[in-house]
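Secondary and tertiary structure notes
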Amino acid sequence: MLWKLLVRSQSCKLCSFRKMVSAPKYKPFLSCFTYTTDNQANRENKRTVEKLHKFSVDIGKIRRLKGWVLLEDEAYVEEIANILQQAGADETAVASILERCPEAIVCSPPTVNTQRELWQSVCKSEEELIKLIEQFPESFFTVKHQENQKLNIHFFQELGLKNVVISRFLTTASSIFHNPMEKNKEMIRILQESYLNLGGSEANMKVWLLKLLSQNPFILLNSSVTIKETLEFLQEQGFTNFELLQLLSNLKGFLFHLCPESIQSSISFSKNALKCTDHDLKQLILKCPALLYYSVPVLEERIQGLLKEGISVAQIRETPMVLELTPQIVQYRVRKLNSLGYRIKDGHLANLNGTKKEFEANFGKIQAKKERPLFNPVAPLNVEE
């Protein structure tokens, strides 16, 4: 889940040579509407519109999403469509891709062909390639830093990452391929050094590193200074090397996305809100590493949400992992348990905790136990004659 938040935060500019259309300093009132004005229609490139019609593309959708594309003097509708068709895309797939990523038609055909070759190098077949492009057209048509992409793909393969993992990086973490390969290589070296300095074994280092990268590739966007400062700060807080290695693995490297100041704020707030000593707080963090990651507003909202449901601070300290649940999820689960007569504030939070699948399994067990008869109606009764 944490990774999904970072993925969403990564911005990406499509087609480095995109021509910017000058925008007025203010928008007229009517420009807020989605229909096309006669003035806009007159300024559209008629040949571009006709060619898009030829490939059954919904022009209205493009006008609503990326109307500027239709105003470009130079577009490569047929060339881009042909490249997709040569890779195995049918008419429906081509139309879908161009509707979802209209910027594709202003990308240079040679650069798109190069991109196709790069992505094909980590795909088992053209069918798999087309599926990826259909799912992530914007990532595919980000046709900049192609030399960096090529060198990084080769580096990741040499490192031992499987092609299926690299293809996932290309679609959901494309920004790491924009880094020069040497920068990614340096970050890998720092991660390896940190692992060994914290007591990790040489024999397990490769497995640990590949797992960390597959869980959180954005760790490569960090700086070496941030990593060192974070580790030093946590050591000053009394965490041993073994405990730091445990935290680093459990948080999937997201620990390095934080700075000492934010960690200190979260620690101070948690200590006061949960009414515990430094030693007790450290034990809670080891049980629930997210206490370091969540900001103060998030922690405050979640603790208050639990307290409103009648859950005590002592119960939270006993099962700190419950803080990973949003107030909405807590409220929903408490209502479901209450419907069975289970009073969460009088019991253990284990039945409230866990993933959706784990909660539903626990709920089913409680429900079955409640509905189970006190005796077996088909069992024979021992009656003396």
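Residues numbered from 1 in each chain as written. Predicted model: local features only at pLDDT ≥ 70, side-chain atom pairs only at ≥ 80, totals over all residues. Heavy atoms only, no water.

Glancing now at the pattern of salt bridges. A complete count under the given rule lists 12 salt bridges for this structure. The partner of Glu44 in a salt bridge is Arg63, and the shortest N-O contact between them spans 2.9 Å. Of this pair, Glu44 sits in the loop between helix 2 (38-43) and helix 3 (46-54) while Arg63 sits in helix 4 (residues 59-66), and the two are 19 residues apart along the sequence. The closest approach of N and O atoms between Lys66 and Glu103, which form a salt bridge, is 2.5 Å. Separated by 37 residues along the polypeptide, Lys66 in helix 4 and Glu103 in the loop between helix 6 (91-100) and helix 7 (109-120) bring together distant segments of the chain. For Lys66, a relative accessible area of 22% corresponds to the partly exposed category. Through salt bridges that share partners, Glu186, Arg189 and Glu193 make up one connected network. (Salt bridge = Lys/Arg side-chain N within 4 Å of Asp/Glu carboxyl O. Helix = DSSP H or I, 4+ residues; strand = E, 2+ residues; numbered from the N terminus. Buried < 20%, exposed > 50% of the residue type's maximum accessible area, 1.4 Å probe, protein only.)

Listing the buried residues of helix 3 in full gives Thr48, Val49 and Leu52. End-on view of helix 3: buried residues confined to an arc of 100 degrees, all on one side of the axis. Exposed residues lying more than 90 degrees from the buried face of helix 3 are Arg47, Glu50, His53 and Lys54. Packed against the buried residues of helix 3 are helix 4, helix 5 (77-86) and helix 6. The distance from a side-chain oxygen at the start of helix 3 to the backbone nitrogen of Arg47 is 3.1 Å, and the residue carrying that oxygen is Asn45. Backbone geometry just after helix 3 places Ser56 at a positive phi near 60 degrees. (Arc of directions from axis to C-beta. Contact = heavy atoms within 4.5 Å. Polar contact = N/O pair within 3.5 Å; in protein donor to acceptor, adjacent residues only side chain to side chain.)

Right, let's talk about the packing of helix 5 against helix 7 for a bit. One way to put it is that helix 5 packs onto helix 7 with a least axis distance of 10 Å and a crossing angle of 20 degrees. Of the possible angle classes, the one that applies to helix 5 and helix 7 is roughly parallel. Both helix 5 and helix 7 take part in a crossing whose hand is right-handed. Every residue of helix 7 that contacts helix 5 at Glu79, Ile80, Ile83 and Gln86 is listed here: Pro109, Val112, Asn113 and Arg116. Counted by class, the contact of helix 5 with helix 7 contains 4 nonpolar, 2 polar and 2 charged residues. (Axes fitted to C-alpha atoms, helices over the stretch in contact; angles between N-to-C directions. Parallel < 35°, antiparallel > 145°, perpendicular 65-115°, else oblique. Left-handed = near helix turned anticlockwise from the far one by under 90°. Nonpolar A, V, L, I, M, F, W, Y, C, P; charged D, E, K, R; others polar.)

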